[in-house]
Structures are given as structure tokens and as C-alpha cells.
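Listed below, chain by chain, are the residues.
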Amino acid sequence: MTRLAEHIPSYSPPWRRFKDRLATTAITAGGAGVLLAILLIFFYLLYEVLPLFDNAKIEKHSEYHWSGSTKSPLYLAMEEQGELGFAVDRQGEGHFFEVDSGVLRQSVALGGKDLSVVAPESPDSTLLALGYRDGQVRLIQHEYRMTYPGGSRLITPSIERLYPAQAFDMGTGSVEVLAVNDSEDALLVAAEMSDGQGVVHRYNKDVDFLTEEIVLQLEILRIPSLPGTTEALYIGSGQRWLYRLDSAGGYSVIDLQKTDGEGALSIAQQGALFEDGGSLASHEMLLGGISLLVASDRGELSQFFMVRTDQGETFERIRSFKTEGVSLDSLLPEHRRKGFLGLNAQGELFIFHSTANRTLLREAVLPGGGTTLAALSPRGNKLLLMNAEGAVQTWIIENEHPDISWSALWQKVWYESYEEPAYVWQSSASNNDFEPKYSFSPLAFGTLKAAFYTMLIAAPLGICGAIYTAYFMAAGLRRKVKPLIELMEALPTVILGFLAGLWLAPFVENYLTGVFTVLLVVPVGILVFAFAWSRLPISWSSWVPDGWHAAVLIPVVIVLGYTSFACNDLMEVWLFDGDMRVWITSELGISFDQRNALIVGIAMGMAVIPTIFSITEDAIFAVPKHLSYGSLALGATPWQTLVGVVLPTASPGIFSALMIGMGRAVGETMIVLMATGNTPIMDANIFEGMRTLAANIAVEVPEAEVDSTHYRVLFLAAFVLFLFTFVVNTAAELIRQRLRIKYGSL
């Protein structure tokens, strides 16, 4: 019969073969679809991220000769759209012209002749101070009104003179160097005259209650005599500091709020601008009026600003930029970002960004050199160049995301008004001269911190619970406990986050001593109860069947937990002078925030425990029974069998459970969004909050402008999170395979 059966051909019905092929095809297509979806996500994130690291590009747009009254104006600017330009010539006239063609649209007399100097208030301001050879100063503003007659855009320029009733007489002689700053409280005009005398006029503003007109009250401040030839004066933001630069490369910081014994303004600090001792080649104030840019004739380019220290405020070199030894003859700050342009005598254009410390472009735009004037449109997308012969060129600039670099994302950056370099995430603010701070370090740190405290709570409870359930618990009790714990995984994380933020955080804050008492008392109490149980007569302990002992511990845990919280106030008075939170802050110097890592660890632990428990329990329960029976038959105790046979055999599954749980903790959004305070700080303190990459994306993506730098940086955060989970899961799979090979022979 056996030989006959071997020769009988097997027969499979056609419908079964069809189902087998259909199932094989469907499963293969499903697996390939999952891989394709992951691959598409990867490439889509990469598509959104790559533009962040593009260098700037520039393209010539038009070229013509200047048709104004002089070939070399003193000042050049453009309006918002980059369609109209504004030039001020030495005869005291302003000219509005079409940027792309040079066609003159309007010429306006500015109220005086023999103009000696023109000083803009700041890169983003249209306020100009005009200094004349008779010592007079006039303030004007060039404005542009946009209308749409017949559906086409029309830009109408105009000149407005500010404070026309006020005479700004700076003294005898010609105004050689000039600076202006206008605020709600005061107007400051600083000048150095041809006789070498420096003076600051502060016009304090009062409002006439009858006419509601602004009344200026003059206060004359004298700049002390300083060595060298004054090259530039700049008034800093807040009207606190006056920066004086000399042609030899020296600087003086003058305090506008203090005077010395002789009535002159006090000098706060003096020194050399350049480390190599070069002389001053060019200079500008960066957007915001905080940072000063200076370039030497030896190719050094640096950024300075005032830094608050324990000894007071000092003028510090913050960073230097790479120019490859090229001296820049002019600097041109952007109007809305912390970037700037530089031009040298050979006609090369450099584009930099200060925060990112990045050189985005170096390209020859005027091969013959000789550039005398340049203007950048407020949007930073058009450049206007004019040389000494009146040749004008316009260039289109493509520079969408200059403020991103490796150092800006991952290293400490010294931001304006900060005391030292720091890791900071602050993507937006209310003012236009804000310096975006896109450091991923606090977000990555917060992600790992949340995952660490989550796994610290979830891993021991999940694994130990799974070991007991799969190996020691009675089958009847296991059939009730395992589905109940797995059912916890279906609880929406938004509910857990809601409970953690609105109930758990205040509860832990009010019963902080009780929380730590529970962590100490419950394990010790269980051990004591177990020891006492082992000393009971067998006739008593036998009332509880094997595998049902966990049920006996439920009232023990409830009583110990209730007692710990009930004694919270008594222990706080006894041990911590009435308030543990205040004691932690005052005695240990550890700050306490209500929504902190402890809350996140507990809440996310509750979300991750079912995942770790379920996978670990299945892995342990799936260990072949003959292995444990053989170990027990050879004389090993159940505990020795568990440690020496069951756990090594189940280790690949346990490791997978830990990695999947960690991936869940890293990618969790709603719990950390609602229970952490969302503060992007780098502090390992368990009583401080954090912000994770996932929560940051959820918070800021809805408000980010599409295709903006902020928008793409958030996609970069998603890409970093994707790569992190991919690398961790790949490494985990390799380790799991090695564990399977190592213990598969058991």
C-alpha cells in the first residue's frame, strides 16, 4: 500500500490552484505596494527638502546707461516690486526711474543744493537723512502708492519731507558723516562736520494736546574727540549705542545715555575691528540695527554686536565669513532677512547669510569692475548696479532659502541679543527684523528624551508583565488578562494626551511626594507580601490555585497606592518643609514645570505598554514546550528554565517588541503635544518639558507658508524623523536576525 501510494499522482482542483495563485499575487502586490509607498514618501520628502540647500543663482536682466543729471548719484534704491528706482544726485535732486529700462519718470527737488552725504536710517526703511555743505540736514521719505486703473498696476512715487517745521542745523562747516534713527520717543541725528567735531542731536517727542502734532525738543550731545578719521557713524537699535568707525580699522562704542565729567558722551569701548590689522574697506548695519558688518582691505569680513555679560555690555566679534582673501568694497544688506551682498573692485558679487554663516554665491557681474553704487529690492530678488561711467545693469537673483546650513541646524549659533551661542528653535515672531532660529538639536533632544522616559516606564512593565502572563499565569486567567491589556492599544492617543494634560499633570503636581512614594513602596510592599505568603501554612496558601497568585496582589497594590497618596501632605511637611516642588527648586536647584517628562513618560508608557506586552507575550508563549519541559526534567527550577532557555529563545521577539515600542514613542504626536508644554529646550531634567520633532511638525505645519523656508524646514524635520526610524528599524532587524541564528538551534 505504501509503494502504491507513492506512485499515485497528487491532484489539486483548479479552483484551489486559482485561489493559491490569487493569494500569492495579492500578498506579493501588497508587500510591493508597501515598499513602493515608503519609497514614494522618502522621495517626496527629499523633493521638498533639497531646495533648502541650493546655492543662490543670478542672471542678467537688462543693461543701459544712466540718464540722470550726473553719472554718479550719491544714493540708489528700489521700491517693493523692483519696478521703480530712486536716485539722489549731488545737486540735491531725487529721480524716479524705471529699473529695467532707465526711463526717467519723475525728478523732484529735495530742498537744497551742494549735497555732501546721504544716510538711510536702516536697510528696510525709506527714511533718508540728507547732509549739506552748509551744515544743514533734511529728512525725507520716498513713498510709493500702488493703484490698478483699468486692471493694470500703476506705481506712483512721491517724496515726503519729515518734520518740515524743524531746522536741523548740525553746526558750522560741511556735514561729512551722518546717521539718523527715528522712533516713537525720539529722533536722533548724529553727524561729524568737516572741522572734525562730532555732535548728536536728540529730539525728544511730545504730542501737542490741542493740535495733536508732534513737538520736537532739542537736546545737543557732544561726541568726544577720537583719534583717526571718522569713516562711518551708526545708531543702534533702541537708540542706546552710537558706533563710530575710523578708516584705520578702529571702532568706538559711545553710550548715548551717559556723559562724562566734561559734558561729552561716554565712551563704552574702543578697539580694533580686524584681527590681521587691516584698514576699513566697507561697512553696513545689518537688518534690525543690532549687528554691524565690517570688511577690511585684507579680505577679512566680520559681524559684531553688543553682548550682555557679567561686567556689562561689550562689543564682540560674533563670526567671520569666508571671502578667500578678497577685499569687499561695498556691502548691501537685505531688507527682510539677515543676509547681505558684497562687491569688490573687480566686479565680483558675493552673497552671504549671517545666521547660517554661509557663502551662497561668488560670481563676476561686472568684469571691468569699478562699481560705485548698488541697490537691492526689498524682496531681495533684483539687484541694480551702476559704475562710475553711468553704466547700469539689473540682475535677477534667485535665493529662496539662504538661512539654512548644517551649522544652523545642528550646531550652536550665536544669535543677535543672546549672551552666548545656543541651540534654539524659534521659527517666527511679530517683528519684521526677526532672526529665524531653526536648530533641530532641541527638537531631536526632546524626541529622544520623551522616548527614553517612556521606555523607562513601559519596557520593564510590559516585558515583566508579558513574562508572568505567558509563563507563570494560569491559562484561564491569561485568556482574560491578555485581551484586556491589548484592548488598551485601541484607546486613541488624543484621549491619553487630553487626560495627561488636564488631569494627570495637575494631579502629579499636587501629589508629587505620593507619586515617588508609590514608586518606592509598591515594589517593596509586593516583595514583603510575597515573603509573608511563602511563610503561610500550605493549607492556607493552597486555597489559591497555581497561576492565580497575581489576583491576590490586586488589593495589595490598591492599598499601598491609596496609603501613599493619603500620606502625601504629611510626608511633604515632614520631609520637604511643606512643599516638595519648592524644595526641589530651592534646595536642589532643579526647576519644575507642571507638564514635564514625567507626565509624558507615564502617559506615553500607557500607550506603549500594550504593544510591548502583546509582542513579548506572544514570543514567550510561542517557545516550544519541549524545551522548557526538558529543562525542568533535567532538574532546573522554573526560574532557571525561564532565564536560561525561554528568554534566550524568545529574545528576537522581545527585541522586536522593544524596537516597535520605541518607534511608537519616537513618532507619537498627540500625547507629547498636549502634555509637554511644547518648550524646545535641551534639559535632561525629568521635571522640565520638551518639544519633539513630531509635535513640532503638528503644531507649525498648519501655519507655515507653502514653499517658504519654514515650510521646507518642517519637511526636513519629517525627513530626519523618517531616517531615524528607518536606521533604527534596520539595525534592529539585523540584530534580531543574529539573535534568531544564535538561539535558533535550541
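Attention in this report is confined to the structure presented alongside it. (Residues numbered from 1 in each chain as written. Predicted model: local features only at pLDDT ≥ 70, side-chain atom pairs only at ≥ 80, totals over all residues. Heavy atoms only, no water.)

Our next topic: the packing of helix α5 (residues 475-487) against helix α12 (residues 597-621). Two elements in contact, α5 and α12, have axes whose closest approach is 9 Å; the angle formed by their N-to-C orientations is 145°. From α5, Arg-478, Lys-482, Ile-485 and Glu-486 reach across to α12, where they touch Pro-610, Phe-613, Ser-614, Glu-617, Asp-618 and Phe-621. In terms of residue class, the contact of α5 with α12 is made up of 4 nonpolar, 1 polar and 5 charged. (Axes fitted to C-alpha atoms, helices over the stretch in contact; angles between N-to-C directions. Helix = DSSP H or I, 4+ residues; strand = E, 2+ residues; numbered from the N terminus. Contact = heavy atoms within 4.5 Å. Nonpolar A, V, L, I, M, F, W, Y, C, P; charged D, E, K, R; others polar.)

So, on to the side chain of Arg-244. Structurally, Arg-244 is set in strand β16 (residues 241-246). Relative accessible area serves as the criterion here: at 3%, Arg-244 is assigned to the buried category. At 3.0 Å, the side chain of Arg-244 and the side chain of Thr-230 are in polar contact. (Buried < 20%, exposed > 50% of the residue type's maximum accessible area, 1.4 Å probe, protein only. Polar contact = N/O pair within 3.5 Å; in protein donor to acceptor, adjacent residues only side chain to side chain.)

Let us look at the sheet that holds strand β21 (residues 301-309). The 4 strands lie next to each other as β19-β20-β21-β22, forming an open sheet whose pairing is antiparallel. Looking at strand neighbours, the two that pair on one side only are β19 (280-285) and β22 (312-321), the edges of this open sheet. Across this sheet, the average inter-strand angle for adjacent strands is 25°, counted without regard to direction. (Pairing = 2+ DSSP bridges.)

Examined against the element boundaries, Ile-495 turns out to sit in helix α6 (residues 493-510). Here the alpha-carbon distance between Ile-495 and Val-49, two residues 446 residues apart in the chain, equals 33 Å.

Let us look at helix α10 (residues 568-576). For α10, the set of buried residues is Asn-568, Met-571, Glu-572 and Phe-576. Angular distribution of buried residues about the axis of α10 spans 105°; they occupy a single face of the element. Structural note: α10 exposes Asp-569, Leu-570, Val-573 and Trp-574 on the side pointing more than 90 degrees away from its buried face. Where α10 is buried, its residues meet α6, α7 (512-534), α9 (549-566) and α11 (580-588). Downstream of α10 by one or two residues, Asp-577 has phi in the positive range, about 55°. (Arc of directions from axis to C-beta.)

Our focus in this paragraph is the pattern of salt bridges. One pass over the full model with this rule turns up 28 salt bridges. For Glu-348, the salt bridge goes to Arg-362, with nearest N and O atoms at 3.1 Å. One end of the pair, Glu-348, is in strand β25 (residues 348-353); the other, Arg-362, is in strand β26 (residues 358-364), and 14 residues separate them in sequence. Under the relative-accessibility criterion, Arg-362 is labelled partly exposed at 35%. (Salt bridge = Lys/Arg side-chain N within 4 Å of Asp/Glu carboxyl O.)

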